[in-house]
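# Breakdown of the fold
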Amino acid sequence: MSNAYEQFRHWATTLLRYRHDDEVYQFSTISALLEGVYDGNATVADILRHGDFGLGTFNHLDGEMVILDGVCYRLRADGTATRAAPTDRTPFAAVTRFHSDFEIAVETRTHRAEVAAAIDRQIQSANLIYAIRITGHFAELHTRTVMEQKQPYPPLTQATEEQAETVFTDASGTVVGFRTPDFEQGISVAGYHLHFLNSDRTGGGHILDFTLERGTVAVSGASQLHLSLPTSGAFLGAQLAGDDVAERIGKAEGPKGD
Ligand code: ZN
């Protein structure tokens, strides 16, 4: 084959991969949130340019973020969910363009850990990133919602001590999140990081636990990580390294990714 052909092939493959949405785009890091960096300059409009599916939080830690089908929702501690404004800002968000690589049908009552184990068995590698979408009916679903913080900001482990917890029972909706490789701990949440939005888009939160009654688990793989770092604000001076990052993420983000 000619060089020109090979070059064209490479270009086309790259373009197709890009169009196939192999990328997770993330603004800032979980370790920055741990250190109380709760204000960012990325807008919801900026984030939505990079994906139609994902999660995060909002400035001042004022609610959990869910992005589903290209719409960004803000889930507040009072249990409400509203559409976020394009100008709303975030200190941390991760998105991708969701495409289903494979699906798992769940027809009997299945606990979170078993759902995670079923996904773990089918993914190609624990070293790639997977977006996880679970649409179904949940027997029970435990969520938390962070509460708006005032300056000077406490670290995340402290801010989440006063989090509002909600139990949804007999609820339909969508779980939105990621399975992230262990080596990304601190950049993201290693293991499963999942948020919930109910089917009438009126409530949800960061998931602590769930039991799925029946539903469909869809998995969308990614091998590209686009990490966008803040260029201003508290991020620049934050101390982001530390031996206990995993422990603090576990405390702030709930049950381990099992
Ligand atoms: Zn979360």
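The shown structure was predicted, so the numbers you read here are calculated from the model rather than taken from an experiment. (Residues numbered from 1 in each chain as written. Predicted model: local features only at pLDDT ≥ 70, side-chain atom pairs only at ≥ 80, totals over all residues. Heavy atoms only, no water.)

Turning our eyes to something else, we now look at the overall build of the protein chain. Per the secondary structure count, the protein chain includes six helices and 15 strands. Oriented by its inertia axes, the alpha-carbon framework of the protein chain measures out at about 65 × 50 × 35 Å. Relative to its 258 residues, the protein chain shows a buried fraction of 53%. Of all intrachain contacts in the protein chain linking residues separated by at least 6 positions in sequence, the fraction that spans at least 24 positions is 78%. Here the protein chain displays about 12000 Å² of accessible surface, and carbon together with sulfur accounts for 50% of that area. Once the 21 positive and 34 negative side-chain charges of the protein chain are each reduced to a mean point, those two points are 4 Å apart. (Helix = DSSP H or I, 4+ residues; strand = E, 2+ residues; numbered from the N terminus. Buried < 20%, exposed > 50% of the residue type's maximum accessible area, 1.4 Å probe, protein only. Contact = heavy atoms within 4.5 Å. Areas by Shrake-Rupley, 256 points an atom, 1.4 Å probe, with all protein chains shown as cover. Lys, Arg positive; Asp, Glu negative; His and termini not counted. Charge placed at Lys NZ, Arg CZ, Asp CG, Glu CD.)

Turning to the pattern of salt bridges, a few remarks are in order. Following the criterion strictly, the structure yields 12 salt bridges and no others. Two residues, Arg 201 and Asp 69, come together in a salt bridge whose shortest N-O distance is 3.9 Å. Separated by 132 residues along the polypeptide, Arg 201 in the loop between strand S13 (191-198) and strand S14 (204-222) and Asp 69 in the loop between strand S4 (64-68) and strand S5 (71-75) bring together distant segments of the chain. Put simply, Asp 62, Arg 74, Arg 76 and Asp 88 are held in one network by salt bridges that share partners. (Salt bridge = Lys/Arg side-chain N within 4 Å of Asp/Glu carboxyl O.)

Take the sheet that holds strand S3 (residues 53-57) next. Strand order in this open sheet of seven strands is S6-S5-S4-S3-S8-S1-S15, and the pairing throughout is mixed. Two strands in the sheet have a free side with no partner beyond their single neighbour: strand S6 (81-83) and strand S15 (224-228). Pairs of neighbouring strands in the sheet enclose a mean axial angle of 15 degrees, with direction left out of account. Two elements, S5 and S6, share three bridges in a ladder whose sense is antiparallel. Note that in S6 the partner of Tyr 73 across the bridge is Arg 83. (Pairing = 2+ DSSP bridges. Axes fitted to C-alpha atoms, helices over the stretch in contact; angles between N-to-C directions.)

The buried count for strand S1 (residues 23-27) comes to five of five residues, which makes it a mostly enclosed element. What you see with S1 is no split at all: Glu 23, Tyr 25 and Phe 27 on one side and Val 24 and Gln 26 on the other are buried throughout. Here S1 runs beside S15; their pairing, made up of five bridges, is parallel. Residue pairing for S15: Tyr 25 is matched across the bridge by His 226. In this structure, S1 lies alongside strand S8 (residues 92-96), joined through four bridges in antiparallel fashion. Residue pairing for S8: Gln 26 is matched across the bridge by Ala 94.

It is worth spelling out the coordination of the zinc ion at this point. Bound to the zinc ion on the protein side are His 193 (NE2), His 195 (NE2) and His 206 (ND1), at distances that span 2.0 to 2.1 Å. On the basis of relative accessibility, which here comes to 1%, the residue His 195 falls in the buried class. (Donors = N, O, S within 2.8 Å, 3.2 Å for Na, K, Ca; no water.)

Per the counting criterion, the structure on display carries six aromatic pairs. Aromatic side chains Tyr 38 and Tyr 153 sit 5.0 Å apart centroid to centroid with 55 degrees between the ring planes, which places their arrangement in the tilted category. In this pair, Tyr 38 is assigned in the loop between helix H2 (30-34) and strand S2 (42-43) and Tyr 153 in the loop between strand S11 (129-145) and helix H5 (156-159), connecting sequence segments 115 residues apart. Three or more aromatic residues link up through ring pairs in this structure, and these residues are Phe 138, Phe 168, Phe 196 and Phe 210. Directly above the aromatic system of Phe 58 lies the positively charged group of Arg 74, at a separation of 4.1 Å from the ring centroid. (Phe/Tyr/Trp six-rings, centres within 6.5 Å; stacked < 30°, edge-to-face > 60°. Lys NZ or Arg CZ within 6 Å of the ring centre and 35° of its normal.)

Glancing now at the pairing of S3. Regular strands have side chains that alternate between both faces of the sheet. Of all five residues making up S3, five are buried, and the element is well covered by its neighbours. A two-sided burial pattern is seen for S3, the buried positions comprising Phe 53, Leu 55 and Thr 57 on one face and Gly 54 and Gly 56 on the other. Relative to S4, S3 runs antiparallel, the two sharing four bridges. Note on S4: the bridge partner recorded for Gly 54 is Ile 67. Linking S3 to S4, which pair antiparallel, is a turn of six residues; within it His 60 sits at a positive phi near 65 degrees.

To continue, consider a nonpolar patch on the surface. On the surface, a cluster of nonpolar side chains totalling about 360 Å² of accessible area is made up of Tyr 5, Phe 8 and Trp 11. Its place among the elements puts Trp 11 in helix H1 (residues 3-19). Here Trp 11 falls in the exposed class, since its relative accessible area comes to 51%. (Patch = residues over 30% accessible without salt bridge, like charges linked within 9 Å, V, L, I, M, F, W, Y side chains within 5 Å.)

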